[in-house]
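Residue strings, one per chain:
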Amino acid sequence: MFSIGSQIVSKSKADIKASEGEKTLGGKRDLLSALLRVNMSTTIPETQRLNDTEVIAQIPSFFFAGHETTSAATAWALYALSVNTAAQTKLREELLAISTENPTMDELNSLPYLEYVVRETLRVHAPVVFNLRMAMEDDVLPLSKPYIDKEGKSHDSLPIHKGQMIHIPILAVNTDKEIWGEDADEFKPERWAKIPDSVSTIPGVWANLLTFFAGPHNCIGFRFSLAEMKALLFTLVRAFELEQAVPKGGIGPSITGLLQSPMVLAGGKGSGLPLILKPYNAQL
Ligand code: HEM
């Protein structure tokens, strides 16, 4: 990936130099070209620029943090809609009420059911399933509910030691029945019309979910990701009816590292999410 990244960076820099003065980033408007262009600007002090190695190191982040996550999330949304056909029909009706094939971001954001579908997908099928943090100092975590240890002793706080790794179960919190109710595991976009009060205790950066995490290192790309998902769903759900291609229960999560994507669970059909897409004709 480093050698491919080096080639991309060299080529992009040459393009930018060749088109000096143009606002079009050498004909390109991608994230890497924007980063390089800023770095090559003479108005930025040397100490504030990234060197080529640092720029190249961003490429795997764009791929894994930016591409794989949103791709998995969109696949999960299509899968969830293929199972919940009532939600699919309701979403399509809302999307077809828009008179353009190229809606603006404001138009997409004005669609409540699309927002519910995206939220519900990212709640039940959070692409990043857990996260890790290391404690930088000794601390004591207060607990909302005491726990009983194996000797039967009750504790209302949890001591944390410097250097200890903390596992943060994103998906488990997103689907906790004590927070979301007995149907917490189910994909029900309507729940977002009225979410339980208990949800307000979740400190996530977006939608009271831990999907994009919380705190100073929350996801920098979440707004971009939401825009991508909405645009993809807008186009696909207007154009196609989605049907399950494998019997109920045949699709489940494949977890690689921290990331879960939908795939066929059995039968040796390989990875990926098979779906039947039928062109939707609004006139029929
Ligand atoms: C559905 C899509 C996405 C999900 C579920 C997601 C999830 C997350 C999570 C859970 C974190 C926290 C990781 C940690 O601190 O250990 C994170 C961080 C990050 N995300 Fe995303 N992300 C998504 C899309 C994107 C996109 C589209 C981009 C870039 C365009 C992006 C770039 C990043 C970066 C650079 C960080 C590190 C931030 C930091 O450490 O300060 N992500 N993301």
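These numbers were taken from a predicted model, which means no experiment stands behind them.

### Topic: the UniProt feature "binding site: heme" (unreviewed entry) in the chain
If you check UniProt for "binding site: heme" (unreviewed entry), the listed places come out as Cys219 in our numbering. In this structure, Cys219 sits in the loop between helix H8 (177-180) and helix H9 (222-239).

### Some points on the pattern of salt bridges
Throughout the structure, instances matching the rule amount to 13 salt bridges. One salt bridge connects Lys90 with Glu190, and the closest N-O pair in it is separated by 3.7 Å. Of the two residues, Lys90 sits in helix H4 (residues 85-96) while Glu190 sits in the loop between H8 and H9, which places them 100 residues apart along the sequence. By relative accessible area, Lys90 is classed as partly exposed at 41%. Accessibility expressed as a relative area gives 40% for Glu190, which makes it partly exposed. A salt bridge links Glu178 to Lys145; the nearest nitrogen and oxygen atoms lie 3.1 Å apart. Of the two residues, Glu178 is situated in helix H8 and Lys145 in strand E2 (residues 139-148); the sequence distance between them amounts to 33 residues. For Glu178, a relative accessible area of 60% translates into the label exposed. When salt bridges with common partners are traced through the structure, they connect Glu120, Arg123, Asp183, Glu186, Lys188 and Arg191 into a single cluster.

Cut-offs used in this document
Residues numbered from 1 in each chain as written. Predicted model: local features only at pLDDT ≥ 70, side-chain atom pairs only at ≥ 80, totals over all residues. Heavy atoms only, no water. UniProt positions renumbered as here; feature names shortened; annotations may be inferred. Helix = DSSP H or I, 4+ residues; strand = E, 2+ residues; numbered from the N terminus. Salt bridge = Lys/Arg side-chain N within 4 Å of Asp/Glu carboxyl O. Buried < 20%, exposed > 50% of the residue type's maximum accessible area, 1.4 Å probe, protein only.

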